[in-house]
Amino acid sequence: MSGDGDNGSGADDAAAGGEPKNMGGANEVVAGGAGAHAEGASGAGAGGRGAQGDGVRGGGAQAGVDAVATADTGTAARLQKLFEGHRLTPTQRRIAHCMVRRAADAPFLSSVELAELAGVSQPSVTRFAVALGFDGYPALRRHLREVAPTDKPGDTGSSNEYQQAVQAEIDNLRRLAAAFADPSPVIEAGRLLAASRPLPVLGLRAATAQAAGFSYFARKVHPDVRLLDEGGTMLTDRIDAAVRAGAGALLCFALPRHPREVIDALDYARTAGLTVVTVADSAFAPVAHHTDLLLPAPVGTGLAFDTACAPMLLGRVLLEAMCDALPDAQARLEEFDAGAAARGLFVE
């Protein structure tokens, strides 16, 4: 069961125009996991900055886990490459999204199973395979089996569902790390966010926590961060206010299920002249064609509610890139630390 994952159906319709820039392809698979936000002890940050007030470190995994993660990442990358270069309809992008989310299982799914997982009709799956150049879905599945690892990566042995969820989230983070092999999209995003005064940060429903977490830390180094976490008619008013105040970019966190209101807001922001940077769960997410720079980070679907460790970490990486582009970031952090110490803000 997935309480905040994709569901729904629909017939194929015309594809939206314009391809956004996006980061990587190996990070597109999505599985389960769990993440928590908490204020904790300070740690050392990259580039000599202190991680102000709220990070926890960890790490380590056995060799067998590494092998599974590597195979799974390879399957995701092959799927991504297979879909690139094809002009897919929104329904077909939904199927592609589902397949990269289930990359470990994709070569073994029947057309009916894939249709159910993607929330589309079985004929839509057939048309999707034909759009990719195959005679039908059986030919597509044969191709996937030929290029997939011998052992099904999704096999988890005797692990219980909670262990599987945690392991899948670890795999998501490995895929995100693989995408950072080319850091240029994140660097560009950091430059855009640093230069925008003010900086509106949008996140509705499931993405509210990601937007709020980013905004909380960003305010320590950026002079004017405006959190947009409520929809309704006031949302466009707040975008207008940001534009009038001089904003040049908007950062959006978009997670499943994707509210229609987010897509409308992104379209409005672009029409108003803002450059939209979006952290989404997939390059095939519904927001993909409504953004200028897309940074995908997979979410977990193994538990009752989706988990978002990778999007959260990508948000922290964006903060780092923004700090690198802000010449006074270090001074602002030191000023905050001095003030926090004087007030006895944190318990050491």
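All of these numbers come straight from a predicted model, not from anything done at the bench.

S.K.: Tell me about the overall build of the protein chain, and name the residues and values.
M.R.: Of regular secondary structure, the protein chain possesses twelve helices and eight strands. Every one of the 348 residues in the protein chain was classed for burial, and the buried ones make up 46%. The long-range share in the protein chain, meaning contacts at least 24 apart out of those at least 6 apart in sequence, stands at 76%.

S.K.: So what about empty space enclosed by the protein? Which residues, and what values?
M.R.: With the rule as written, the count across this model stands at two cavities of 30 Å³ or more. The calculated volume of the second largest cavity comes to roughly 30 Å³. Forming the walls of the second largest cavity are Leu204, Arg205, Ala206, Ala207, Phe253, Ala254, Leu255, Arg257, Pro259 and Val262.

S.K.: Lay out the packing of helix α2 (residues 90-101) against helix α3 (residues 111-118) with the relevant residues and their values.
M.R.: Between α2 and α3, the least distance of the axes is 9 Å, while the angle of their chain directions is 100°. In terms of their interaxial angle, α2 and α3 are classed as roughly perpendicular. Judged by residue contacts, Arg94, Ile95, Cys98 and Met99 of α2 engage Leu114, Leu117 and Ala118 from α3. A breakdown of the residues in the contact of α2 with α3 according to their chemical character gives six nonpolar, no polar and one charged.

S.K.: Break down the packing of aromatic side chains for me, citing the residues and quoting the values.
M.R.: Per the stated rule, a full pass over the model turns up five aromatic pairs. Note on Tyr216 and Phe217: the rings are 5.0 Å apart at their centroids and 75° apart in plane angle, and the pair reads as edge-to-face. Accessibility expressed as a relative area gives 16% for Phe217, which makes it buried. Counting every residue linked through ring pairs, the aromatic cluster contains Phe83, Phe128 and Phe284. Over the face of the ring belonging to Phe336 we find Lys220, whose NZ or CZ atom lies 3.6 Å from the ring centre.

S.K.: An account of the environment of Ser282 is needed here, citing residue identities and associated values.
M.R.: When you line up the elements, Ser282 lands in the loop between β7 (275-280) and β8 (293-296). For Ser282, a relative accessible area of 0% gives the class buried. Separated by 186 residues in sequence, Ser282 and Ala96 have C-alpha atoms that sit 9.9 Å apart. In terms of polar contacts, Ser282 uses its side chain to reach the backbone amide nitrogen of Phe284, at 2.9 Å.

S.K.: Go over the sheet that holds strand β1 (residues 21-22), please, and point to the residues and values.
M.R.: Taken in spatial order, the six strands make up an open sheet running β1-β8-β7-β6-β4-β5, and their pairing is parallel. Bordering the open sheet on either side are β1 and β5 (225-228), each of which pairs with just one other strand. Where β7 meets β8, four bridges bridge the pair, whose relative direction is parallel. Counterpart to Val279 in the pairing with β8 is Leu295. Where helix α9 (residues 234-244) meets the sheet, it contacts β4 (199-202), β5 and β6 (249-254), and its direction lies at approximately 165° from that of β5.

S.K.: Summarise a nonpolar patch on the surface; cite the residues concerned and give the values.
M.R.: On the surface, Tyr216, Leu345 and Phe346 cluster together into a nonpolar patch covering about 250 Å² of accessible area. Within the secondary structure, Tyr216 is located in helix α8 (residues 208-218).

S.K.: Outline the packing of α8 against helix α11 (residues 309-325), listing residues and values.
M.R.: Put simply, α8 and α11 touch, their axes get as near as 10 Å, and they point 25° apart. Taken as axis vectors, α8 and α11 run roughly parallel relative to one another. Both α8 and α11 take part in a crossing whose hand is right-handed. Listed contacts from α11 to Gln210, Gly213, Phe214, Phe217 and Ala218 of α8 are Pro311, Met312, Gly315, Arg316, Leu318, Leu319 and Met322. For the contact of α8 with α11, the residue count by class is eight nonpolar, three polar and one charged.

S.K.: Tell me about helix α10 (residues 260-271), and name the residues and values.
M.R.: With twelve residues, α10 extends 17 Å from end C-alpha to end C-alpha; this agrees with the ideal 16 Å at 1.5 Å per step. The set of residues buried in α10 consists of Val262, Ile263, Ala265, Leu266 and Ala269. Viewed along the axis of α10, the buried residues span an arc of 160°, placing them on a single side of the element. Opposite the buried face of α10, at more than 90 degrees from it, the exposed residues are Arg260 and Thr271. Taken together, the buried residues of α10 touch β4, α9, β6 and β7. Once α10 finishes, Gly273 follows within two positions and takes phi at roughly 100°, a positive value.

S.K.: An account of the side chain of His290 is needed here, citing residue identities and associated values.
M.R.: Relative to the elements of secondary structure, His290 occurs in the loop between β7 and β8. Within polar-contact distance, the side chain of His290 engages the side chain of Asp267 at 2.7 Å. Ignoring any residue separated from it by four or fewer positions in sequence, one finds His290 in contact with Ile263, Leu266, Asp267, Arg270 and Val276.

Procedures and definitions
- Residues numbered from 1 in each chain as written.
- Predicted model: local features only at pLDDT ≥ 70, side-chain atom pairs only at ≥ 80, totals over all residues.
- Heavy atoms only, no water.
- Helix = DSSP H or I, 4+ residues; strand = E, 2+ residues; numbered from the N terminus.
- Buried < 20%, exposed > 50% of the residue type's maximum accessible area, 1.4 Å probe, protein only.
- Contact = heavy atoms within 4.5 Å.
- 1 Å grid on protein atoms, 1.4 Å probe; cavity = no way out; pocket = protein on both sides within 12 Å on 5 of 7 lines; lining within 4 Å.
- Points joined across faces, edges and corners; volume = space filled by probe spheres on them.
- Axes fitted to C-alpha atoms, helices over the stretch in contact; angles between N-to-C directions.
- Parallel < 35°, antiparallel > 145°, perpendicular 65-115°, else oblique.
- Nonpolar A, V, L, I, M, F, W, Y, C, P; charged D, E, K, R; others polar.
- Phe/Tyr/Trp six-rings, centres within 6.5 Å; stacked < 30°, edge-to-face > 60°.
- Lys NZ or Arg CZ within 6 Å of the ring centre and 35° of its normal.
- Polar contact = N/O pair within 3.5 Å; in protein donor to acceptor, adjacent residues only side chain to side chain.
- Pairing = 2+ DSSP bridges.
- Patch = residues over 30% accessible without salt bridge, like charges linked within 9 Å, V, L, I, M, F, W, Y side chains within 5 Å.
- Areas by Shrake-Rupley, 256 points an atom, 1.4 Å probe, with all protein chains shown as cover.
- Salt bridge = Lys/Arg side-chain N within 4 Å of Asp/Glu carboxyl O.
- Left-handed = near helix turned anticlockwise from the far one by under 90°.
- Expected span 1.5 Å × (residues − 1).
- Arc of directions from axis to C-beta.

Functional significance is not addressed by these values, which are geometric in nature.
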